[in-house]
Amino acid sequence: MCGQENKKMSVQDTIEELTEVCINLRRSVESVGDQKEKERIVLKHIKEFANTGLEINDFQKGLEWFNVSEELSVYKHLAGKIIVLDFFTYCCINCMHILPDLDALENKYSIEDGLGVIGVHSAKFANERDSEKILHAVQRYNIAHPVVNDSRLSMWRDIGISCWPSLVILGPKAQPLFVLVGEGHRESLFLYIKVALSYFKSLNEILNHPLPLKSVQHLLPASKGNLLFPGKICVLESQDGEKLLVSDSGNNRILIMDKHGKVETIIGGYAPAFRDGNFENARFNAPQGVCILGNWIFVADNENHAIRKIDLVEKVVTTVAGTGVQGHDYSGGKLGKDQVLSSPWDVAIYNYNQDERSIPVLLIAIAGLHQIWALFLEDTIWWKKKLYKAGTCAAIVGSGKEENRNNAYPHAANLAQPSGLAVSQELKSVFFADSESSTIRRVHLEDGKVSAVCGADKNPSNLHCFGDVDGVQYSAKLQHPLGVVWDSSRKLVYIADTYNHKIKKVDPTGNCTTLYGGEKSKSDHKFNEPSGLALSPNNETLYIADTNNHSIKAVDIEIQKIHEIFVILPEEKSKTDCKFEFDTAISADGGELSISLTPIFESDLKLNSEAPQRWALILPSSWSGSNLTGDIKTPSTVKIPKGEGKHQIIIHLDVVACKTTECIPKKVSVVFNVNQKSNAPSTVVEKKELLLK
């Protein structure tokens, strides 16, 4: 026991020392221009630390793993590999910034080449300890390498990690070689791995065996062709009525649909890319926030680090800020596409009063730099009478230091991953969800003052003060909120309290209470990390992007009734695996039609009892019913009014069928031709089996 403790402390001491040594190593490497000299410096470092005799402890037994078919061992599966341990937590934007670097590294060096990348998920928030939530994150961020849920931080403590993100690079005998803290180490990472592989191969210590990989992508829901991790939502008023704009983040596109879920316009495509063009050719990469200004839609194109503009008249997408590459500029001030950005997460329009004229300013939550920026769409005289020319994009709130520090001076305030914006024109303010501090905060847009609304505590450096408590100001507790929307009629802000899986409300005095979620939700309407909110123009319906449920929910605020909006793609974009058509008849005097559908399979497929088998019924305009969306296990009842002639009920089903080793989503379309005639019964029960191949 004493020996184990001594070894543990020795490894921790080594990691602490190695962290400082690697800071100096990086400086030494960057100070020389010759590549061979860089490699010589790194090789000298490796030789110094390769033979210390220290090895890290193995992963604890019984931890849950992703993207592999069995638990991994450092000394079995990863023996003879250069191992990169990525200590991350999925809420952390800086951790997400490392993923493209790791992806590029894995594309260059395979497991057979001797490189093993392991994500060690070390949760900050209580919600993030849940393996189901980590699974969603692995799928959402397309993480292909093995990930372990180190829910008790055993590896974190054994090695002595102190912050997210941290990369620890091990040699083929699990000896610590390098430590990289924070983001922005791509060149160093590639250099260290290249030299380490070359050196240890020369010693015949690198082994080429594979790992038992098994991707979790097949576990995505059957509805992924419709919505996949929707991030944000916005309401568009049009001559044809109320429209919903949805950032279908996991599918890298923007959808425009009616309030019943019928998709009318698809902008972008499934494959992530950074490309302007018409609606079909344009490409996004994990888009988040959307907002409206006239015939323009602005999009926070998160992983492209850009702001895009959708012109609904010209039907084109253009880039108005950002280069497509992550930047680290904390001031800004350049025009449009010359200005680099870092992970914009939300956008909102504020109509700024200048010389008795309303000038639109696009506010941007820059999560990656912990700031709020503005894109000035016209020449604007902003705070302290500073002139910004049209097209200028600049930081307006936050120093860039990650804290929960409020201040009368906007650039002296510190934010912590702002991820949602809600403009109140009447209060001349923008409320924002400051996700990493678990707070709702406010910027007074006349002078830039930043003040607290609710959540966390008064210590600005405490980013671990979170929970789920209704209360006033600091007595209220949230957990990583991502979405907010202002209700002008009730004078309050609705909050997507993301990691508490709840919708809350707070008034400007800081009185915060739970509205929906938790015990207030029925079992069939439980939220799963909701992250986007929008209000109907009449402030009667609250729309929710229920991200991990891959769905949009609508709440009638007055009667607190929640229903899911079943998203229906245009026929040419909807991949239907099977189609069925049935005839039935009901009395011309009206009546009630009960419909039950049971999928059965010719092959060895079976319905997955853990997956939602969902349907949506589309009825003639004057008809109504119950269970028109939801799980197919419950029959739907359709109320049919008095009338004659033939009508159609169209049913869309998403089902998940599984074999022993894989699950297969299937889309099914069913049509009931309903003939109303005088000699037909008033009550009809239709139970149909659907034979699926």
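Further up the page is the structure itself.
Residues numbered from 1 in each chain as written. Predicted model: local features only at pLDDT ≥ 70, side-chain atom pairs only at ≥ 80, totals over all residues. Heavy atoms only, no water.

Here we take up helix 3 (residues 93–108). Along helix 3, the residues that are buried comprise Ile93, Asn94, Cys95, Met96, His97, Ile98, Leu99, Asp101, Leu102, Ala104 and Leu105. Close packing links the buried residues of helix 3 with strand 2 (82–88), strand 3 (115–121), strand 5 (166–170), helix 6 (186–202) and strand 17 (344–354). (Buried < 20%, exposed > 50% of the residue type's maximum accessible area, 1.4 Å probe, protein only. Helix = DSSP H or I, 4+ residues; strand = E, 2+ residues; numbered from the N terminus. Contact = heavy atoms within 4.5 Å.)

Here we take up empty space enclosed by the protein. To locate leftover empty space, one rolls a probe as large as a water molecule over the atoms. What the rule picks out here adds up to 5 cavities of 30 Å³ or more. Space inside the largest cavity adds up to approximately 200 Å³. Along the walls of the largest cavity sit 20 residues, with Arg140, Tyr141, Trp345, His480 and Leu482 positioned nearest its centre. The class makeup of the residues in the lining of the largest cavity is 10 nonpolar, 8 polar and 2 charged. (1 Å grid on protein atoms, 1.4 Å probe; cavity = no way out; pocket = protein on both sides within 12 Å on 5 of 7 lines; lining within 4 Å. Points joined across faces, edges and corners; volume = space filled by probe spheres on them. Nonpolar A, V, L, I, M, F, W, Y, C, P; charged D, E, K, R; others polar.)

Take the nonpolar core next. Residues Ile46, Phe59 and Leu85 are the most contacted members of the largest nonpolar core, which totals 60 residues. Top element by residues in this core is helix 6. It accounts for 9 residues. In this view, phenylalanine 59 contacts Trp65, Leu72, Val74, Leu78, Leu85, Ile118, Val120, Val148 and Met155; residues no more than four positions away in its chain are not counted. In terms of nonpolar packing, the next biggest core, distinct from the first, is built from 28 residues, Ile586, Leu593, Trp623 and Ile649 among them. (Core = buried A, V, L, I, M, F, W, Y, C linked by side-chain atoms within 4.5 Å.)

On to the pairing of strand 35 (residues 561–565). Direction of pairing for strand 34 (residues 551–556) relative to strand 35: antiparallel, over a ladder of 5 bridges. Pairing of isoleucine 552 across the sheet is with isoleucine 565, part of strand 35. In sequence, strand 34 turns back onto strand 35 through a hairpin of 4 residues, with glutamine 560 there showing a positive phi of about 55°. (Pairing = 2+ DSSP bridges.)

Assignment of secondary structure puts serine 154 in helix 5 (residues 154–159). Taking the relative accessible area as the measure of exposure, serine 154 reaches 10% and is therefore buried. A polar contact is formed between the side chain of serine 154 and the side chain of aspartate 150, at a distance of 2.6 Å. (Polar contact = N/O pair within 3.5 Å; in protein donor to acceptor, adjacent residues only side chain to side chain.)

We now examine the environment of glutamate 378. Looking at the element boundaries, glutamate 378 is found in the loop between strand 19 (371–376) and strand 20 (380–381). When its relative accessible area of 30% is taken as the criterion, glutamate 378 is described as partly exposed. For glutamate 378 and glutamine 60, which are 318 residues apart along the polypeptide, the C-alpha to C-alpha distance reads 58 Å. In contact with glutamate 378, not counting residues within four places along its chain, are Arg357, Ile359, Pro360, Tyr388, Lys389 and Ala390. Here arginine 357 takes part through its side chain, which lies 3.1 Å from a polar atom of the side chain of glutamate 378.

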